[in-house]
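Spelled out from the first residue to the last, the chains are:
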Amino acid sequence: MPELPEVETTLQTLKPYLEGKLIDRVEIYTKKLRVMVPENLGHRMEGRKISRLSRRAKYMIWALEGGAETVESFSPLAIIIHLGMSGRFRVEAKDGQAFQPLKHDHMMIECGDSRIIFNDARRFGLIDDYAGESVENCHYFKHLGPEPLSDAWGLGTFFDALKSRQTSIKQMLLDQKIVVGIGNIYANEALYMAGIHPLRPAKSLEFYEVKSLMECVRAVLRAAIAQSGSTLRDYRRISGEIGGFQEHFQVYDREGKSCPACEKAQKNNPDSPHCCVQRIVQNGRSSFFCAIKQRYTRNTELPGVVTSRLA
Ligand SMILES: [Zn+2]
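Residues numbered from 1 in each chain as written. Predicted model: local features only at pLDDT ≥ 70, side-chain atom pairs only at ≥ 80, totals over all residues.

## Some points on the sheet that holds strand β3 (residues 59-65)
In spatial order, the strands read β2-β3-β4-β8; together these four strands make up an open sheet with antiparallel pairing. The open sheet has two edge strands, β2 (49-56) and β8 (126-130), and neither has a second partner. On average, each strand axis in the sheet is inclined to that of its neighbour by 20 degrees, with strand direction left out of account. In the sheet, β2 pairs with β3 via seven bridges, with the strands oriented antiparallel. Each residue of the ladder has a partner; that of Leu53, found in β3, is Trp62. Against the sheet, helix α1 (residues 4-18) makes contact with β2 and β3, and its axis sits at roughly 170 degrees relative to β2, the strand it touches most. (Pairing = 2+ DSSP bridges. Helix = DSSP H or I, 4+ residues; strand = E, 2+ residues; numbered from the N terminus. Axes fitted to C-alpha atoms, helices over the stretch in contact; angles between N-to-C directions. Contact = placed C-beta atoms within 7 Å.)

## Some words on helix α6 (residues 207-226)
The end-to-end C-alpha distance of α6, which contains 20 residues, comes to 29 Å, matching closely the 28 Å that a straight helix rising 1.5 Å per residue would cover. For α6, the set of buried residues is Val210, Leu213, Val217, Val220, Leu221 and Ala224. Down the axis, α6 shows its buried residues gathered within 95 degrees of arc, on one side only. Projecting away from the buried face of α6 at angles above 90 degrees are the exposed residues Phe207 and Tyr208. Contacts made by the buried residues of α6 are with α1, α3 (155-162) and α5 (184-194). One or two residues past the end of α6 sits Ser228, with phi positive at roughly 60 degrees. (Expected span 1.5 Å × (residues − 1). Buried ≥ 20, exposed ≤ 12 C-beta atoms within 10 Å, placed from the backbone. Arc of directions from axis to C-beta.)

## Some words on the sheet that holds strand β6 (residues 105-111)
The strand order β1-β6-β7-β5 describes an open sheet built from four strands, whose pairing is antiparallel. Strands with a single pairing partner mark the edges of an open sheet, and in this sheet they are β1 (23-28) and β5 (88-93). In this sheet, neighbouring strand axes are inclined to one another by 20 degrees on average, regardless of whether the strands run parallel or antiparallel. Of the strand pairs in this sheet, β1 and β6 are connected by five bridges, and their pairing is antiparallel. When the sheet's bridge partners are listed, Glu27 is paired in β6 with Met108. Running over the sheet, α1 touches β5, β6 and β7 (114-119) and is turned about 150 degrees from β7.

## So, the environment of Ser239
You can see Ser239 is positioned in the loop between α6 and α7 (260-268). Exposure remark for Ser239: the 10 C-beta atoms within 10 Å place this residue in the exposed category. Separated by 226 residues in sequence, Ser239 and Thr13 place their C-alpha atoms 8.9 Å apart.

See below:
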């Protein structure tokens with residue numbers, strides 16, 4: 001499923017084709033995605049200029065300027081797009097031939113010399129509009145926490161949100177009201193990097209650990225964006241290529257292997273403990289961790305004891 005780095009990669013790739021461009025023609029082939037695609041949306045988009053592409057959590061926002069003749073079409077309009085489980089875009093050159101949609105193509109937009117096509121086999125994606133003054137008030141965004149890569153995610157606020165919660169730190173990282181866009185892969189990787197066990201109750205984290213975890217979340221997300229995201233199953237970049245970050249997973253999907261830190265320690269000192277990345281299921285999602293580097297408590301001497309009991 002596309003997470004924040006994959007959506008950001010898609011957004012950055014689409015920008016040159018859409019931003020500042022006039023929408024010549026829109027065809028919508030499917031009415032029912034995650035929600036119904038609004039009536040006449042294609043018609044209302046045509047003739048408008050796309051002023052800006054941005055992202056909130058895993059939603060893409062295309063801000064449109066007015067441009068057509070009717071008074072109605074001068075009102076601000078934003079197109080909200082979510083890739084769901086398998087949504088992806090592709091760009092084709094406009095070749096003078098009539099466009100023939102492929103299976104699972106739901107929307108085609110002609111902009112200048114290009115056709116931008118939204119395809120979603122599993123139909124959990126979303127195409128909707130918002131016509132209010134400030135897109136932040138759109139109901140999709142109202143209850144969302146801060147963006148992890150922005151200054152809006154502050155250390156004090158994050159620490160306060162965790163300090164009275166018995167919920168595991170892994171669950172808190174996935175809670176979109178606390179901070180948005182950190183999916184399962186990146187929560188696992190950030191907890192490993194910070195040396196924090198995924199089952200630790202949020203309130204047990206010391207201030208310095210929360211600080212380190214925030215830094216690790218940001219580092220993991222930035223590294224993933226630099227690698228154009230991760231491909232597990234469906235995600236493809238607009239070019240059709242897969243992302244590259246799955247080659248850099250340290251614990252995610254590496255059950256039974258040793259983690260990079262322990263492997264390095266073994267090379268330097270063969271007497272150092274053997275590592276075996278463990279997998280447990282937390283709230284229906286897999287958690288992968290190294291029981292040596294990510295202790296449940298700082299006093300747990302025997303790696304695996306606590307975790308095997310809880311698993
Ligand atoms: Zn390890």
